[in-house]
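# Architecture at a glance
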Amino acid sequence: MKLINGGVTAAQGFTASGIHCGIRRNTSKNDLSLIFSSVPCTAAAVYTTNLVKGAPLTVTKAHIADGKAQAVICNSGNANTCNADGIEIAEGMAALTADALGIDPADVVVASTGVIGQPLSLEPIKNGMGELVSKLSEDGGLEAALGIMTTDTIPKEVAAEFELGGKTCRIGGIAKGSGMIHPNMATMLVFITTDAAISPDMLQKALSGDIQSTFNMISIDGDTSTNDMVTVLANGTAGNAEITCEGEDFTAFMKALNTVTVGLCRMIAGDGEGATKLLECRVTGAQTPDIAKTVAKSVICSSLLKAAMFGADANWGRVLCAIGYSGAAVDVNKIDVSFKSAKGEILVCKDGAGVEFSEEKAKEILLEKEIEILVALNDGDHDSVAWGCDLTYDYVKINGDYRT
């Protein structure tokens, strides 16, 4: 297993592109992206738990009900959510894409991200489709990543190479996500591609299992979006024996998938709206996996703790407070808390009580860009990790005039 370049085009048989077609006012930013496989793929997806869902999710769910897809079309700048003609527009995007690529519209995954409740016209998408298809390239992953961004400050792409049955396989992904991100399908949009051969059922099993410890363990602001979706396409061009059941190959595939998703999770969390720091809460010594996850999520979701991390304030009481209201069955008198970064590690709480520590050293540790919040429950053998970011003045500025 090794990390490589390429994002969604790292795997054999995949090309991608991104352009500005006119949906967004800023002409310097891409607003339409395309991912295409030269051959049909098995497909799997997971979606937001929000009852208010973008029309593209409804269309995509129907399109990949047969476990197959061959292309992904995604626009930014408009979520196509809560629109009377939303389904019609999403189906229209699929039809335009399919016609330009010479494939079945039912084999197109459709996604949108941006402002909710604003009408989306097919005109700019139709006018830009020729350029979008003509620019499809094995080097187009970055342009596609740029095209799905909204308030993101950086494109997010990860890829890895691994072995299955003696065959070299690749898997890669791109993501967008900066705000409206909270556990229970907590990523705005993620598109993953692989040249491994795996059946639709096993691909769905792999994805549904993986998100429980990755995308469902991110929180930026406590809001669960209407358009969250993670999609995986597998075209089988690597030539490995198709994975149809659990076993050594499935385990190896899961490890590779997790490598990509964890990488994307960290990028999403670190690029939270207005964020200056990536926060990673590591919980160890829990009685059960659920307790470990509940504690990690509660700590990473605490607005008070996030604000303290922005100010580099070692206010460990806020960690204990978040654990206390999490609902997890823990023994508070056994809990240890430490803060860690590239500048070192410092113990701030032992057995549920404060200990003497250097405020100056703690400040130095917490001024770094990546902070680990280490919680030892000392009550079992299970652990978990959750990701988030600090809460800054800029978060309010960004969301105070998001539509304008």
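Above this text is the structure in question.
Residues numbered from 1 in each chain as written. Predicted model: local features only at pLDDT ≥ 70, side-chain atom pairs only at ≥ 80, totals over all residues. Heavy atoms only, no water.

We now examine the pattern of salt bridges. If you walk through the whole model with that rule in mind, you get 13 salt bridges. In this structure, the salt-bridge partner of Lys176 is Asp152, at a minimum N-O distance of 3.9 Å. With Lys176 in strand 7 (residues 167-176) and Asp152 in the loop between helix 4 (141-147) and strand 6 (156-164), the pair connects residues that are 24 residues apart, well separated along the chain. Note on Lys176: relative accessible area 2%, which makes it buried. Linked through salt bridges whose partners overlap, the residues forming this network are Arg266, Glu280, Arg282, Glu370 and Glu372. (Salt bridge = Lys/Arg side-chain N within 4 Å of Asp/Glu carboxyl O. Helix = DSSP H or I, 4+ residues; strand = E, 2+ residues; numbered from the N terminus. Buried < 20%, exposed > 50% of the residue type's maximum accessible area, 1.4 Å probe, protein only.)

Here strand 11 (residues 336-341) pairs with strand 12 (residues 344-350) via 5 bridges, running antiparallel. Bridge pairing links Ser341 to Gly344 in strand 12. Adjacent in sequence and paired antiparallel, strand 11 and strand 12 are bridged by 2 residues. In terms of strand pairing, strand 12 meets strand 13 (residues 353-354) through 2 bridges, oriented antiparallel. Each residue of the ladder has a partner; that of Cys349, found in strand 13, is Gly354. Two successive antiparallel strands, strand 12 and strand 13, enclose a turn made up of 2 residues, where Asp351 displays a positive phi of approximately 55°. (Pairing = 2+ DSSP bridges.)

Our next topic: the nonpolar core. If you look at the biggest cluster of nonpolar residues, it comprises 72 residues, and the most contacted ones within it are Phe253 and Val375. Sort the elements by how many residues they give to this core and helix 6 (residues 248-270) lands first, with 9 residues. Filtering out sequence-adjacent residues up to four positions away, Phe253 remains in contact with Phe162, Leu164, Ile171, Thr194, Ala196, Ile198, Leu203, Ala206 and Ile243. Formed by 24 residues, the second largest nonpolar core is a distinct cluster that contains Ala43, Tyr47, Leu57 and Ala111. (Core = buried A, V, L, I, M, F, W, Y, C linked by side-chain atoms within 4.5 Å. Contact = heavy atoms within 4.5 Å.)

Contact geometry of helix 7 (residues 289-301) with helix 9 (residues 317-324) gives a least axis separation of 8 Å together with a crossing angle of 130°. Put simply, helix 7 runs oblique to helix 9. The handedness of the crossing between helix 7 and helix 9 comes out as right-handed. Contact with helix 7, carried on its side by Val295, Ser298 and Val299, involves Val319, Ala322 and Ile323 of helix 9 and no other residues of that element. Here the contact of helix 7 with helix 9 is composed, by residue class, of 5 nonpolar, 1 polar and no charged. (Axes fitted to C-alpha atoms, helices over the stretch in contact; angles between N-to-C directions. Parallel < 35°, antiparallel > 145°, perpendicular 65-115°, else oblique. Left-handed = near helix turned anticlockwise from the far one by under 90°. Nonpolar A, V, L, I, M, F, W, Y, C, P; charged D, E, K, R; others polar.)

As a further point, take unusual backbone geometry. A positive phi angle, near 50°, is found at Asn80, a position not held by glycine. In this fold, Asn80 is placed in the loop between strand 4 (68-78) and helix 2 (86-101). Non-glycine residue Cys82 carries a positive phi angle of around 65°. Here Cys82 is to be found in the loop between strand 4 and helix 2.

This part takes up empty space enclosed by the protein. In total, this model carries 1 cavity of 30 Å³ or more according to the counting rule given. Of the volumes computed, that of the largest cavity is approximately 40 Å³. In terms of lining residues, the largest cavity is bounded by Gly285, Ala286, Gln287, Ile291, Ala329, Val330, Asp331, Leu377 and Asp379. For the lining of the largest cavity, the class distribution of residues is 5 nonpolar, 2 polar and 2 charged. (1 Å grid on protein atoms, 1.4 Å probe; cavity = no way out; pocket = protein on both sides within 12 Å on 5 of 7 lines; lining within 4 Å. Points joined across faces, edges and corners; volume = space filled by probe spheres on them.)

The next subject is the side chain of Asp31. Along the chain, Asp31 turns up in the loop between strand 2 (14-19) and strand 3 (32-47). Buried and unpaired, Asp31 has no salt bridge, with Arg24 as the nearest side chain of opposite charge at 6.0 Å. Those residues within four positions of Asp31 in sequence are excluded, and the remaining contacts are Ile19, His20, Cys21, Gly22, Ile23, Arg24, Cys74, Asn75, Ser76 and Gly147. (Lys, Arg positive; Asp, Glu negative; His and termini not counted.)

Attention now goes to the pairing of strand 3. With 13 of its 16 residues buried, strand 3 lies for the most part within the structure. With 6 bridges connecting them, strand 2 and strand 3 associate as antiparallel partners. Considered in strand 3, the bridge of Ser17 is made with Leu34. Note: strand 3 against strand 4, 7 bridges, orientation antiparallel. Considered in strand 4, the bridge of Leu34 is made with Ile73. Bridge count between strand 3 and strand 9 (residues 229-234): 6 bridges; the pairing is antiparallel. Along strand 9, the bridge assignment pairs Tyr47 with Met229.

Now for helix 8 (residues 303-310). Considered for burial, the residues of helix 8 that qualify are Leu305, Lys306, Ala308 and Met309. Buried positions in helix 8, seen along its axis, are confined to an arc of 160° and lie on one side of it. Directly beyond the C-terminal end of helix 8, a positive phi value near 55° is found at Ala312. (Arc of directions from axis to C-beta.)

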